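Residues per chain, in single letters:
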Amino acid sequence: MEIRSLPPQKVDIEVIYTFCKQLIEDYETDPIPMEKVLTWCHRKIQQNLSEYQVFWVNGQKVGYLRCCPPEDGVMELDDFYILEDFRGKGIGSAVLRQQVEQADQKSLDLRLYVFKKNEAAVRLYQRFGFHIVEEAGNSRWIMLRPHA
Ligand SMILES: CC(C)(COP(=O)(O)OP(=O)(O)OC[C@H]1O[C@@H](n2cnc3c(N)ncnc32)[C@H](O)[C@@H]1OP(=O)(O)O)[C@@H](O)C(=O)NCCC(=O)NCCS
């Protein structure tokens, strides 16, 4: 399977935002000021759009990932979404494999936040060498993958 990575366009902002909102609605268990958080998410996507990649397979848009600029040898992955019709087909694993290989080449550790209740995603990350290092509030784990 060939996965192409291209920069996002303005139309992608709302799509990424919708996934972000869905994830919070599905998994957030901490009492959060929902409206404020959603406004923050939208602004984050808009202001950091150049850090996002859009993944394409066979001419179809299949997903998104943000790679933050590395700080102190650690690169944070954020907003990782595969479009619903394309989930469970190995695309997310292929994207993670690429990221892990590139991070190893650059001697970068990878970090991400994941909702504890998103157990399938936690397992997926564990398969790629991420492990839980910390709690973020009560609802999320911080996971880290040290470089090879
Ligand atoms: C998590 C996600 C990015 C994985 O991408 P994917 O293309 O479905 O992943 P793959 O097909 O390579 O692997 C699927 C694995 O991911 C896990 N998974 C997590 N969420 C899943 C979902 N909604 N549908 C299918 N598989 C999911 C499964 O456990 C599966 O493991 P298995 O092969 O042992 O059954 C994708 O399912 C997704 O976008 N989910 C909703 C948003 C989300 O949870 N993002 C992560 C935020 S931290």
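Everything discussed here concerns the structure shown above.
The present account deals with the structure reproduced in this document. (Residues numbered from 1 in each chain as written. Predicted model: local features only at pLDDT ≥ 70, side-chain atom pairs only at ≥ 80, totals over all residues.)

**Things to note about the site of the ligand**
So, point 1. Surveying the vicinity of the ligand reveals 17 residues, the closest of which are Arg87, Gly88, Gly92, Ser93 and Ala120.
So, point 2. Those elements giving two or more residues to the shell around the ligand turn out to be β4 (74–82), α3 (91–105) and α4 (119–127).
So, point 3. The element that contributes the greatest number of residues to the shell around the ligand is α4, accounting for 4 residues.
So, point 4. Looking at the shell around the ligand residue by residue, the classes come out as 9 nonpolar, 5 polar and 3 charged. (Near = placed C-beta within 6 Å. Helix = DSSP H or I, 4+ residues; strand = E, 2+ residues; numbered from the N terminus. Nonpolar A, V, L, I, M, F, W, Y, C, P; charged D, E, K, R; others polar.)

**Overview of the nonpolar core**
As a rule of thumb, soluble globular proteins bury nonpolar side chains together.
So, point 1. If you look at the biggest cluster of nonpolar residues, it comprises 22 residues, and the most contacted ones within it are Leu65, Leu77, Leu110, Leu112, Val114, Tyr125 and Met143.
So, point 2. Of all the secondary-structure elements, those providing two or more residues to this core are α1 (12–27), β3 (60–67), β4, α3 and β5 (109–115).
So, point 3. In terms of residue count, the dominant contributor to this core is β4 (5 residues).
So, point 4. Excluding anything up to four places from it in sequence, Leu110 contacts Met75, Leu77, Gln99, Val100, Ala103 and Arg145. (Core = buried A, V, L, I, M, F, W, Y, C linked by C-beta atoms within 7 Å. Buried ≥ 20, exposed ≤ 12 C-beta atoms within 10 Å, placed from the backbone. Contact = placed C-beta atoms within 7 Å.)

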